[in-house]
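Chain residues, written in single-letter form:
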Amino acid sequence: MKIIEANGLHYRQLNEIIREAIKNGEQEFKIIGATGQRYIAAGIKNKIKIVIEGTPGNDLGAFMQGPYIEVIGNGQDGIGNTMSDGKIIIHGRAGDIIGYGMRGGEIFIRDEVGYRVGIHMKAYDNLRPVIVIGDSAKDFLGEYMAGGLIIVLNLRGTVPIGKYCGTGMHGGKIYVRGDIDEHLLGKEVSITPLSEEDESELAGYISQYFELFGVKRGNVSLEEFKKISPRSHRPYGSLYTH
Amino acid sequence: MPLSTIFPEFKIIRDKEKCIACQVCVRQCAFEAHIYDPEKDEVYSDDSKCVGCHRCEALCPTDALNIIKYPFDIKDNKNWTPGILNDIYRQAESGAIILTGMGCDKDYPIYWDRILLNASQVTNPSIDPLREPMELRTFIGRKPRYVEVERSQERDTVKVKTQLPPQLRLETPIMFSAMSYGSISFNACQALARAAEEIGTYYNTGEGGLHPDLYKFGANTIVQVASGRFGVHPDYLNAGAAIEIKIGQGAKPGIGGHLPGEKVTEEISRTRMIPTGTDALSPAPHHDIYSIEDLRQLIYALKEATEYKKPVGVKIAAVHNVAAIATGIARAGADFITIDGLRGGTGAAPQVIRDNVGIPIELAIAVVDSRLREEGIREEVSLIAAGGFRKSSDVIKAIALGADAVYIGTAALAAMGCHVCQKCYTGKCNWGIATQDPYLSKRLNPNIAARRLVNLINAWSKELKEMLGGMGINAIESLRGNREHLRGVGLEEWELRLLGIKPAGEGW
Ligand code: SF4
Ligand code: SF4
């Protein structure tokens, strides 16, 4: 395992060290003292493992396709931007625009996230992106979502989602625990109960969450969840005339 | 009879004497304007369906067809034209937004036609391009403020010490603008790629991802990253010679894109990486970019993801505040800025946006170049102009106004057979260009189309050299931003001021 002391390093140097080490066959990294360095592991295709202590900066794992990243601390904005594959685990909370345009892989966030999370996530073939949020999300969750899955566990039992959730959504689904105020939703989505298939999928992610973060499960039951899904795959089908 | 009758735009004239009822026109017209009547063994036509693409006319073996503008007998009215009325009828029926294709076709001033070039006479001789070498080679990318060189001890060799930022090398300052696989056929994409390779220039993937069979043209490809992030992954980013972040497009500034589900075929689904049949929606903004700082963040995310090996540029539509926006983009770290003017084309856009939003590219180039110079950062960014370039003289005037290179879209499609019928959004392009229907797209032979593209660019390049030589200039580089070589005719004071050119008749 390669240990990198990040304190004082510019992101460009930090990423160069990682890429260089990958070329020399290194598979495991530990970055200590991260102080907001952006773009860690951006565009990396190798199945490496990176544990980060401290706070990585924006666009952690942007465009990446493979790495496993664990942050012992909070994350900032743009985590997993347009990522295709891999896994990101945040032992804390994360900022805005998590998983924008994400096509595959998984992001687990122990606590809450900010605004614009999961916008335009999309699924393709056997790629299906998943974001699991321990607490709540703010406005614009899952806007224009075209595929994949977002789970809001709402473990603190507050208001789980913000306004404009699922606006323009035309694929994928969002499972939310707790009551959803209909007025918070975009026009293109509706609330339905979970199917059996949904429930078994959800149960899997819930156990994974508790395993990953080692927190007590408490009384989270599947009945408390609702599903937000698009009314149509063609929300704007009749918007235009020829 | 419906309440509102749509006025036909075209009249199909069939010479009964010549027509042999061979039904070529029936097969050629995807809009089903020609109908065969087996009982009478005759072909007849429905004018209302014709979009004026002239395909049937071109292919009729006996030359029996002639497509003309529909002669109207309604009272002539400058305000309530048949076109305006048609739109009202259509919207009264559908309650929907009117879609269209190609660039704005309205009568806004085309400044290229009001700008004249200079030529040498007596006092400085012109250069004969047939005899002298003429340099059209252009480099796109950030230029260093100064170059440090190192002489060897013996002072006989010189080495450049400064590390040059990545550059695109164009053999002629003309590239093919972003047209996605999806908006145009695979054959059309392939023709553009091949032609770019042969000419030594670049084509642009648009926001539709890159088909696996086109990766081999990577050295001549600019890959685009748009708000939908379709088909964007590490291999895609690394496949091209440069990356262009698409913020806006001249045909539809401020709004997103929308490839309808019907067009997301198996193959398109594979390159865009979305399931077949779902709408490919590109949101209006990139939702990770709400400011210049955010833009900088994406520019550097892309540079990190591609290890600083490629220029990363930003494409915007020419809008009112374009100069200030462009300097912001330059300061955000972009290596090139693409500005797409009012007349820039598209595969599909709401007509109301296409025809009413933006500013002409001529003014945009001039004000952006001036502003970058004023701020002393002109060399830090290259300027690519796009939107309605029709001929080599438009190109050379753009360069003299301050552009480094231009993108051509519609002109390239025209070279492949497009007749600018503006029906690209229907997916029924009879010329096999803006369609995914294999029956139609196989009409476009990529070999022939590539050859025609190469011919067009070669012809324009020769003309560029002629004009340059006439001005006594032997390198396009020396013309860039050299507005003394331009003069305006029939322009108002304010237009001359914004274009930064003198009126014709005024000397140095
Ligand atoms: S749409 Fe084209 S092919 Fe069809 S009738 Fe008109 S000109 Fe001919
Ligand atoms: S590409 Fe085809 S549909 Fe579009 S304007 Fe040209 S000929 Fe018409």
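Shown above is the structure to which this text applies.
Residues numbered from 1 in each chain as written. Chains lettered and ligands numbered in written order. Predicted model: local features only at pLDDT ≥ 70, side-chain atom pairs only at ≥ 80, totals over all residues. Heavy atoms only, no water.

## As for the overall build of chain B
From N to C terminus, chain B includes 16 helices and 23 strands. Buried positions account for 56% of the 508 residues belonging to chain B. As displayed, chain B offers around 22000 Å² of accessible surface, 51% of which is attributable to carbon and sulfur atoms. Averaging the positions of the 59 positive and the 62 negative side-chain charges in chain B gives two centres separated by 2 Å. (Helix = DSSP H or I, 4+ residues; strand = E, 2+ residues; numbered from the N terminus. Buried < 20%, exposed > 50% of the residue type's maximum accessible area, 1.4 Å probe, protein only. Areas by Shrake-Rupley, 256 points an atom, 1.4 Å probe, with all protein chains shown as cover. Lys, Arg positive; Asp, Glu negative; His and termini not counted. Charge placed at Lys NZ, Arg CZ, Asp CG, Glu CD.)

## Here's the deal with the packing of helix α11 (residues 392-401) of chain B against helix α14 (residues 446-470) of chain B
Residues and elements named next belong to chain B. Closest axis-to-axis distance for the α11/α14 pair is 9 Å, and the angle between their directions is 55 degrees. For the element pair α11 / α14, the angle class is oblique. In the crossing of α11 with α14, the sense of the turn from one axis to the other is right-handed. Contact with α11, carried on its side by Ser 392, Ser 393, Val 395 and Ile 396, involves Trp 460, Glu 463, Leu 464, Met 467 and Leu 468 of α14 and no other residues of that element. Taken together, the residues that form the contact of α11 with α14 break down as 6 nonpolar, 2 polar and 1 charged. (Axes fitted to C-alpha atoms, helices over the stretch in contact; angles between N-to-C directions. Parallel < 35°, antiparallel > 145°, perpendicular 65-115°, else oblique. Left-handed = near helix turned anticlockwise from the far one by under 90°. Contact = heavy atoms within 4.5 Å. Nonpolar A, V, L, I, M, F, W, Y, C, P; charged D, E, K, R; others polar.)

## Section: the interface of chain B and chain A
Between chain B and chain A, the contact holds 48 residues from the first and 40 residues from the second. Roughly 3900 Å² is buried in total at the junction of chain B and chain A, and carbon and sulfur atoms are behind 57% of that figure. Considering only the side of chain B, the residues that lose the most area to chain A are B:His287, B:Gln297 and B:Glu304, jointly responsible for 17% of the buried surface there. Summed over the shared surface of chain B and chain A, the result is 3 salt bridges. Its salt-bridge partner being A:Arg19, residue B:Glu307 comes within 3.7 Å of it at the nearest N-O pair. The tally of links between chain B and chain A comes to 17 residue pairs in polar contact (both at pLDDT 80 or more). The set of elements that each furnish at least two residues to the side of chain B that touches chain A consists of α3 (82-94), β5 (97-100), α5 (234-239), α6 (266-272) and α7 (292-305) of chain B. (Buried area = accessible area lost by both parts, 1.4 Å probe. Salt bridge = Lys/Arg side-chain N within 4 Å of Asp/Glu carboxyl O. Polar contact = N/O pair within 3.5 Å; in protein donor to acceptor, adjacent residues only side chain to side chain.)

## Re the site of ligand 1
Lining the immediate surroundings of ligand 1 are 13 residues, of which B:Cys29, B:Cys50, B:Cys53, B:His54 and B:Cys56 lie closest. The class makeup of the residues in the shell around ligand 1 is 8 nonpolar, 4 polar and 1 charged. (Near = heavy atom within 4 Å.)

## Topic: the sheet that holds strand β9 (residues 171-177) of chain A
Residues and elements named next belong to chain A. In space, the 11 strands of this open sheet follow the order β1-β2-β3-β4-β5-β6-β7-β8-β9-β11-β10, with mixed pairing throughout. Across the chains shown, the open sheet's two edge strands, defined by having one partner strand only, are β1 (2-5) and β10 (189-192). Pairwise comparison of adjacent strand axes, ignoring direction, gives a mean angle of 15 degrees for this sheet. Summarising the sheet, β10 and strand β11 (residues 225-230) pair through 4 bridges and their orientation is antiparallel. Paired with Ile 191 across the two strands is Ile 228, which belongs to β11. Where helix α2 (residues 196-213) meets the sheet, it contacts β4 (65-72), β5 (85-90), β6 (106-109), β7 (130-133), β8 (146-152), β9 and β11, and its direction lies at approximately 60 degrees from that of β6. (Pairing = 2+ DSSP bridges.)

## Points about the pattern of salt bridges
Residue and element names in this part refer to chain B. Counting across every chain of the model gives 55 salt bridges over all chains. Here Lys 161 and Glu 148 are joined by a salt bridge, their closest N and O atoms 3.6 Å apart. Of this pair, Lys 161 sits in the loop between β9 (158-160) and β10 (168-170) while Glu 148 sits in the loop between β7 (138-140) and β8 (149-151), and the two are 13 residues apart along the sequence. Residue classification places Lys 161 among the partly exposed residues on the basis of a relative accessible area of 47%. Among the ionic pairs, Arg 483 bridges to Asp 369, the shortest N-O distance being 3.0 Å. Residue Arg 483 is located in the loop between α15 (476-479) and β22 (486-488), and its partner Asp 369 is located in helix α10 (residues 361-374); the two are separated by 114 residues in the primary sequence.

## A closer look at unusual backbone geometry
Non-glycine residue A:Thr82 carries a positive phi angle of around 50 degrees. Along the chain, the position of A:Thr82 falls in the loop between β4 and β5.

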